[in-house]
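In case you want the letters, here they are:
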Amino acid sequence: MEVKVLDINGKETGRTITLSDSVFAIEPNKHAVYLDVKQYLANQRQGTHKAKERAEVAGSTRKIKKQKGTGTARAGSAKNPLFKGGGTVFGPRPRSYSFKLNKSLKRLARKSAFSMKAKESNVVVVENFDFEAPSTKNFINFLKALGLENKKSLIVLGDTNKNVYLSSRNLKATNVVTTSELNTYAILHANSLVLLEGSLEGIEENLSK
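Residues numbered from 1 in each chain as written. Predicted model: local features only at pLDDT ≥ 70, side-chain atom pairs only at ≥ 80, totals over all residues. Heavy atoms only, no water.

(A) Broad picture of helix α3 (residues 103-119). Spanning 17 residues, α3 covers 24 Å between terminal C-alpha atoms, matching the ideal 24 Å at 1.5 Å per step. Along α3, the residues that are buried comprise Arg107, Ala109, Arg110, Lys111, Ser112, Ala113, Phe114, Ser115, Lys117 and Ala118. Turning to α3, the residues buried within the fold contact α1 (21-24), α2 (30-43), β3 (123-126), α6 (184-189), β6 (192-196) and α7 (197-207). Just downstream of α3 lies Ser121, where phi reads positive at about 60°. (Helix = DSSP H or I, 4+ residues; strand = E, 2+ residues; numbered from the N terminus. Expected span 1.5 Å × (residues − 1). Buried < 20%, exposed > 50% of the residue type's maximum accessible area, 1.4 Å probe, protein only. Contact = heavy atoms within 4.5 Å.)

This is the structure:
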């Protein structure tokens with residue numbers, strides 16, 4: 001699959017680059033994508049929820065009324081879940097929501113996500129660039145040149161670039177990551193993928209294992 005390489009101003013450089021069919025042109029496995037996204041979202045949950053049960057509620061354990069003769073149901077404690085202020089029945093307890101997925105399935109999910117974006121023509125390749133200093137204004141001009149100023153975009157760098165990262169940090173719709181930080185959720189969440197030339201080798205190397 002061949003795509004044109006653009007410069008920082010959104011102009012064609014006259015060069016093309018071939019994207020690996022094994023990463024950008026496979027038949028997407030939707031179930032693998034579902035599992036990987038589910039795991040990512042599950043890992044974002046703190047799992048610190050807690051409700052007090054009958055044994056944990058503060059209150060007297062005195063029997064509040066006699067067993068028989070009242071014409072109502074038996075009651076042995078004011079902490080009974082049926083009473084206001086009583087404990088919660090089977091309330092939530094702290095727990096971890098994380099679960100394990102095989103590395104091969106996660107790689108398949110990421111390749112499927114890349115292939116979905118490529119099929120929708122939402123993958124842009126830009127030659128490597130850098131800023132002399134962090135500048136949100138320069139980064140916005142870069143997005144405008146690509147027509148992405150009002151869209152959710154994922155910028156993928158080959159290596160850590162502090163100036164580019166800091167320039168994008170104030171923009172909520174834009175996410176800048178390196179190849180090692182890529183995940184299926186981030187790929188699908190973005191409307192467009194902007195891949196720097198230097199990132200392609202890392203992407204294909206990580207996903208061809």
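(B) View of the pattern of salt bridges. Enumeration according to the criterion identifies six salt bridges in this entry. Measuring nitrogen to oxygen at the nearest pair gives 3.3 Å for the salt bridge that ties Glu12 to Lys4. A salt bridge links Arg93 to Glu53; the shortest N-O distance between them is 3.0 Å. One end of the pair, Arg93, is in the loop between α2 and α3; the other, Glu53, is in the loop between α2 and α3, with 40 residues separating them in the sequence. By relative accessible area, which is 53% here, Arg93 ends up exposed. Overlapping salt bridges, with partners in common, bring together Arg15, Glu127 and Glu197 in one network. (Salt bridge = Lys/Arg side-chain N within 4 Å of Asp/Glu carboxyl O.)

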